[in-house]
Amino acid sequence: MRRRRWPGAKYVTSGSAHDLKTFPGENRDQHSYRSWLTELLTEAYRASTEHAVSMVFSDWRQEPTTSDALQMAGWTRQGTIPWIKPASRPRKGGFKQSAEFITWGVKGTLDNNRDIYLPGHFTASQPRKDRVHITQKPLEIMQQLVRICPEDGVVLDPFTGSGSTGVAALLEGRRFVGVELSPHYADIAEQRLRAELTQDDFALAGPEA
Ligand SMILES: C[S@@+](CC[C@H](N)C(=O)[O-])C[C@H]1O[C@@H](n2cnc3c(N)ncnc32)[C@H](O)[C@@H]1O
């Protein structure tokens, strides 16, 4: 059965009505989500260098499928990082679903020569002020995540949305490649990324930037 819910119905906390634009690609059932994600992560694996890390956000429902797809694509699974959202809605009669999950894997093995130590969980609320995307990720989390990429590496986000991964990458001194299907969100991401670029970056990128 296809999932028909508008993304806003899933992501917007009740009572916080707003006019953020919806986005495509959220209507796959478990079967097709697994095939699609496996294909995508297989291509990402092919394009990545040894020790590269892949990270995929999901909710509790999609996490097992995400973990399957990651491994089917060749990545060596390293774990699942919980992102606790304190402001999540209460659940009558049960435990509230207050977390998203970041399933991560590596191409080959982690690079033991790097002297970095990153957190095993995060607690952060979704941005409220100046929020421009329904599922906009907190910069404080994204800045920690992109640090897994070596400083001379490139961070790829094939689902850029409003560009939070890219902004975090630039703030952390990493290069960034983003892909976004929705022209509305591609424009927003471009504006946010341009706001982070310095004169030196523009000089490096040339007159087309
Ligand atoms: C979960 S949102 C990403 C939100 C982003 N992390 C942020 O902080 O704003 C996923 C995005 O992927 C885009 N998308 C969906 N299908 C896509 C596709 N096939 N190729 C590129 N982008 C796609 C959607 O338009 C949506 O903006």
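A few points on the structure.

### A word on the site of the ligand
Line of reasoning, step 1. Lining the immediate environment of the ligand, one finds 15 residues, of which H133, K137, S162, S164 and E180 sit closest.
Line of reasoning, step 2. Interatomic distance of 2.6 Å between a side-chain N/O atom of S162 and an oxygen atom of the ligand.
Line of reasoning, step 3. The contact in question runs from a nitrogen atom of the ligand to an N or O atom on the backbone of L181, over 3.1 Å.
Line of reasoning, step 4. Here the ligand loses 85% of its free accessible area of 610 Å² to cover by the protein chains.
Line of reasoning, step 5. Tallied by class, the residues present in the shell around the ligand amount to five nonpolar, eight polar and two charged.

### Description of the nonpolar core
Line of reasoning, step 1. Core analysis: the biggest nonpolar cluster contains 17 residues, and F122, I141, L145 and V155 have the highest contact counts within it.
Line of reasoning, step 2. For this core, the elements supplying multiple residues, two or more each, are β2 (76-84), β3 (99-106), α4 (139-145) and α5 (164-171).

### Notes on α5
Side chains three or four residues apart in an α-helix point the same way, a direct result of the helix having 3.6 residues per turn.
Line of reasoning, step 1. Of all eight residues in α5, six are buried, a share of seventy percent or more.
Line of reasoning, step 2. Contacts from the buried residues of α5 go to α4, β5 (154-157), β6 (175-178) and α6 (183-196).
Line of reasoning, step 3. One or two positions beyond α5, positive phi appears at G173, with a value near 80°.

### Overview of the sheet that holds β3
Line of reasoning, step 1. The sheet built from four strands is open, its strands ordered β1-β3-β2-β4 with mixed pairing. Strand pairing shows two members of the sheet lacking a second neighbour, β1 (53-58) and β4 (122-123), which therefore form its edges.
Line of reasoning, step 2. Bridge count between β2 and β3: eight bridges; the pairing is antiparallel. When the bridges of β3 are listed, I81 appears paired with I102.

### Things to note about α6
Line of reasoning, step 1. Taking 1.5 Å as the rise per residue, α6 with 14 residues should run 20 Å; its terminal C-alpha atoms sit 20 Å apart, in good agreement.
Line of reasoning, step 2. Taken together, the buried positions of α6 are occupied by Y185, I188, A189, R192 and L193. Around the axis of α6, the buried residues are gathered within 130° of arc, so they sit on the same side. When the buried face of α6 is taken as reference, the exposed residues oriented beyond 90 degrees from it are P183, Q191 and A195.
Line of reasoning, step 3. Looking at the buried positions of α6, the neighbouring elements they touch are α4, α5 and β6.

### A few points about the pattern of salt bridges
Line of reasoning, step 1. Within this structure, the stated rule accounts for five salt bridges.
Line of reasoning, step 2. Between E63 and R77 there is a salt bridge whose closest N-O contact spans 3.5 Å. Of the two residues, E63 sits in helix α3 (residues 63-72) while R77 sits in strand β2, which places them 14 residues apart along the sequence.
Line of reasoning, step 3. Given the relative accessible area of 13%, E63 is considered buried.
Line of reasoning, step 4. Measuring nitrogen to oxygen at the nearest pair gives 3.0 Å for the salt bridge that ties R194 to E190. Taken together, the positions of R194 and E190, both in helix α6 and four residues apart, correspond to about one turn of that helix.

### Some words on the packing of aromatic side chains
Line of reasoning, step 1. Applying the stated criterion to the full structure yields four aromatic pairs.
Line of reasoning, step 2. Measuring from ring centre to ring centre gives 6.1 Å for F57 and W83, while their planes differ by 90°; the resulting arrangement is edge-to-face. Of this pair, F57 sits in strand β1 while W83 sits in strand β2, placing them 26 residues apart in sequence.
Line of reasoning, step 3. Residue F57 is classed as partly exposed on the basis of its relative accessible area of 23%.
Line of reasoning, step 4. With a relative accessible area of 0%, W83 lands in the buried category.

About the criteria used
- Residues numbered from 1 in each chain as written.
- Predicted model: local features only at pLDDT ≥ 70, side-chain atom pairs only at ≥ 80, totals over all residues.
- Heavy atoms only, no water.
- Near = heavy atom within 4 Å.
- Polar contact = N/O pair within 3.5 Å; in protein donor to acceptor, adjacent residues only side chain to side chain.
- Areas by Shrake-Rupley, 256 points an atom, 1.4 Å probe, with all protein chains shown as cover.
- Nonpolar A, V, L, I, M, F, W, Y, C, P; charged D, E, K, R; others polar.
- Core = buried A, V, L, I, M, F, W, Y, C linked by side-chain atoms within 4.5 Å.
- Buried < 20%, exposed > 50% of the residue type's maximum accessible area, 1.4 Å probe, protein only.
- Helix = DSSP H or I, 4+ residues; strand = E, 2+ residues; numbered from the N terminus.
- Contact = heavy atoms within 4.5 Å.
- Pairing = 2+ DSSP bridges.
- Expected span 1.5 Å × (residues − 1).
- Arc of directions from axis to C-beta.
- Salt bridge = Lys/Arg side-chain N within 4 Å of Asp/Glu carboxyl O.
- Phe/Tyr/Trp six-rings, centres within 6.5 Å; stacked < 30°, edge-to-face > 60°.

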